[in-house]
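Below are the chains, spelled out letter by letter.
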Amino acid sequence: MRRTFDDARRWSRLGTELVLEAAADLDDDAFAAPSALPGWSRAHVAAHVAANAEALSNLVHWAATGEPTPMYASPGERAAGIERGRALPAARLVARLRDSAGALEQGMAALGEEQWRARVVTAQGRTVPATEVPWLRSREVCVHAVDLANGVSFADLPPDFLTALCDDVVAKRAALPGPAVLLRAPEAGAAWELPGDGASALVAGELHDIAAYLTGRDAGPLTADGTPAPTLGAWL
């Protein structure tokens, strides 16, 4: 695993800064414009990021007190919360982004060593130590800063984060049906393999291009024989 707890804390703060910078100058019309995610406006993305901070704060509370507090009451309530959030005026949506991120950071800063080892349950039903919370947050804010489609790209994200992101996505995709792909980022000295159906396609490129491809944000660089990279399904 090419990441540490301290790495994840650093990336979480950086990603939060990028999200807030990308959202700061958006007015109501700009928030209503499409994001980089099909079917979602920028306001949907911002509302989701704010709701994620609030949900992860529930896990921090769980770790701090021992009181089980799930991230979301239900999948339906999670979706309804995003819809309510995306309807907020721009100023209130940005304030919610900022306040929810600040509350999460404050909660994490208050956890002691034993509390960080407490077991909590993610929205996907995985039981993990609370030390996973910063990684869950960094993944959300860094990727969705790009999805806001307002000046942030995968090339702006730290190479060590991108490497950790690719590790994470490949581990999840390995358990899902899909095409077999060999991925190479020569300049970063990194490589991954997706097991799957058929002969493996070789896809090589810049690290940020590989990360965008793996997360479904880009069609990907061409394969070694010049054909389009295989289409990948959802990973979360």
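In this text, all values refer to a predicted model and were calculated from it rather than measured experimentally.

This next bit is on the overall build of the chain. A tally of helices and strands in the chain yields nine helices and five strands. Helices (α) and strands (β) of the chain occur, in sequence order from the N terminus, as α-α-α-α-α-α-β-β-α-α-β-β-β-α. For the chain, the spread of C-alpha atoms along the three principal axes comes to 50 × 45 × 30 Å. Contacts spanning at least 24 positions in sequence make up 57% of the contacts within the chain whose residues lie at least 6 apart. For the chain, the accessible surface area stands at approximately 11,000 Å², while carbon and sulfur atoms represent 55% of it. Each charge class in the chain was averaged separately, 21 positive and 30 negative side chains, and the resulting centres sit 5 Å apart.

Here we come to the side chain of H144. Mapped onto the elements of the fold, H144 is located in helix 7 (residues 133-147). Relative accessible area serves as the criterion here: at 8%, H144 is assigned to the buried category. There is a polar contact of 2.8 Å between the side chain of H144 and the side chain of D147.

Another point: helix 7. In a regular helix each residue adds 1.5 Å, so 15 residues correspond to 21 Å; helix 7 covers 21 Å between its end C-alpha atoms and thus fits that length. For helix 7, the tally of buried residues reaches 15 of 15 residues, placing the bulk of the element in the interior. Backbone geometry just after helix 7 places A149 at a positive phi near 55 degrees.

For the rest of this paragraph, the subject is the nonpolar core. The biggest cluster of nonpolar side chains holds 54 residues, and the ones touching the most others in it are F31, F154, L183, W192 and L214. Among the elements that line this core, the one with the most residues is helix 8 (residues 159-173), at seven residues. Leaving out residues up to four positions away in the same chain, L183 has contacts with V170, A190, A191, W192, L194, V203, I210, Y213 and L214. Formed by 18 residues, the second largest nonpolar core is a distinct cluster that contains L104, L111, W116 and V128.

Only one face of strand 4 (residues 190-194) is buried: it carries A190, W192 and L194, and the other face, with A191 and E193, is open. Hairpin geometry of strand 3 (residues 179-185) and strand 4 is characterised by an intervening segment of four residues between the two adjacent antiparallel strands and by a positive phi of about 65 degrees at G189.

Our focus in this paragraph is a negative patch on the surface. Taken together, the side chains of D25, D27, D28 and D29 present a region of like negative charge at the surface. As for its placement among the helices and strands, D25 is situated in the loop between helix 1 (5-24) and helix 2 (28-32). A relative accessible area of 59% means that D25 is categorised as exposed.

With that settled, the discussion passes to the packing of helix 3 (residues 42-65) against helix 4 (residues 75-86). Running from N to C, helix 3 and helix 4 cross one another at 120 degrees; their axes reach a closest spacing of 8 Å. Classed by the angle they form, the pair helix 3 and helix 4 counts as oblique. Helix 3 and helix 4 meet at a crossing whose hand is right-handed. Across the interface between the two elements, A43, H44, A47 and H48 of helix 3 pack against R78, I82, E83, G85 and R86 of helix 4. For the contact of helix 3 with helix 4, the residue count by class is three nonpolar, three polar and three charged.

Let us look at the pattern of salt bridges. Tallying each qualifying case throughout the model produces 13 salt bridges. For R96, the salt bridge is made with E54, and the minimal N-O distance between the two is 2.9 Å. Linking R96 in helix 5 (residues 90-109) with E54 in helix 3, this pair joins segments that are 42 residues apart in sequence. The salt bridge involving R84 is made with E77; its shortest N-O contact spans 2.5 Å.

Take the environment of Q106 next. Secondary-structure assignment places Q106 in helix 5. Separated by 46 residues in sequence, Q106 and V60 have C-alpha atoms that sit 10.0 Å apart.

The buried fraction of helix 9 (residues 207-214) is high, at six of eight residues. Among the residues making up helix 9, those that are buried are L207, I210, A211, A212, Y213 and L214. In this structure, the buried residues of helix 9 make contact with helix 8, strand 3, strand 4 and strand 5 (197-204). Residue G216 follows helix 9 closely and has a positive phi angle near 75 degrees.

Turning to the packing of helix 3 against helix 7, a few remarks are in order. Running from N to C, helix 3 and helix 7 cross one another at 175 degrees; their axes reach a closest spacing of 10 Å. One way to sum up the angle between helix 3 and helix 7 is to call them roughly antiparallel. Side by side, helix 3 and helix 7 meet where V45, H48, V49, N52, A53, L56, L59 and V60 of the first sit next to V133, L136, R137, E140, V141, H144 and D147 of the second. For the contact of helix 3 with helix 7, a count of residues per class yields nine nonpolar, three polar and three charged.

About the criteria used
- Residues numbered from 1 in each chain as written.
- Predicted model: local features only at pLDDT ≥ 70, side-chain atom pairs only at ≥ 80, totals over all residues.
- Heavy atoms only, no water.
- Helix = DSSP H or I, 4+ residues; strand = E, 2+ residues; numbered from the N terminus.
- Contact = heavy atoms within 4.5 Å.
- Areas by Shrake-Rupley, 256 points an atom, 1.4 Å probe, with all protein chains shown as cover.
- Lys, Arg positive; Asp, Glu negative; His and termini not counted.
- Charge placed at Lys NZ, Arg CZ, Asp CG, Glu CD.
- Buried < 20%, exposed > 50% of the residue type's maximum accessible area, 1.4 Å probe, protein only.
- Polar contact = N/O pair within 3.5 Å; in protein donor to acceptor, adjacent residues only side chain to side chain.
- Expected span 1.5 Å × (residues − 1).
- Core = buried A, V, L, I, M, F, W, Y, C linked by side-chain atoms within 4.5 Å.
- Pairing = 2+ DSSP bridges.
- Patch = residues over 30% accessible without salt bridge, like charges linked within 9 Å, V, L, I, M, F, W, Y side chains within 5 Å.
- Salt bridge = Lys/Arg side-chain N within 4 Å of Asp/Glu carboxyl O.
- Axes fitted to C-alpha atoms, helices over the stretch in contact; angles between N-to-C directions.
- Parallel < 35°, antiparallel > 145°, perpendicular 65-115°, else oblique.
- Left-handed = near helix turned anticlockwise from the far one by under 90°.
- Nonpolar A, V, L, I, M, F, W, Y, C, P; charged D, E, K, R; others polar.

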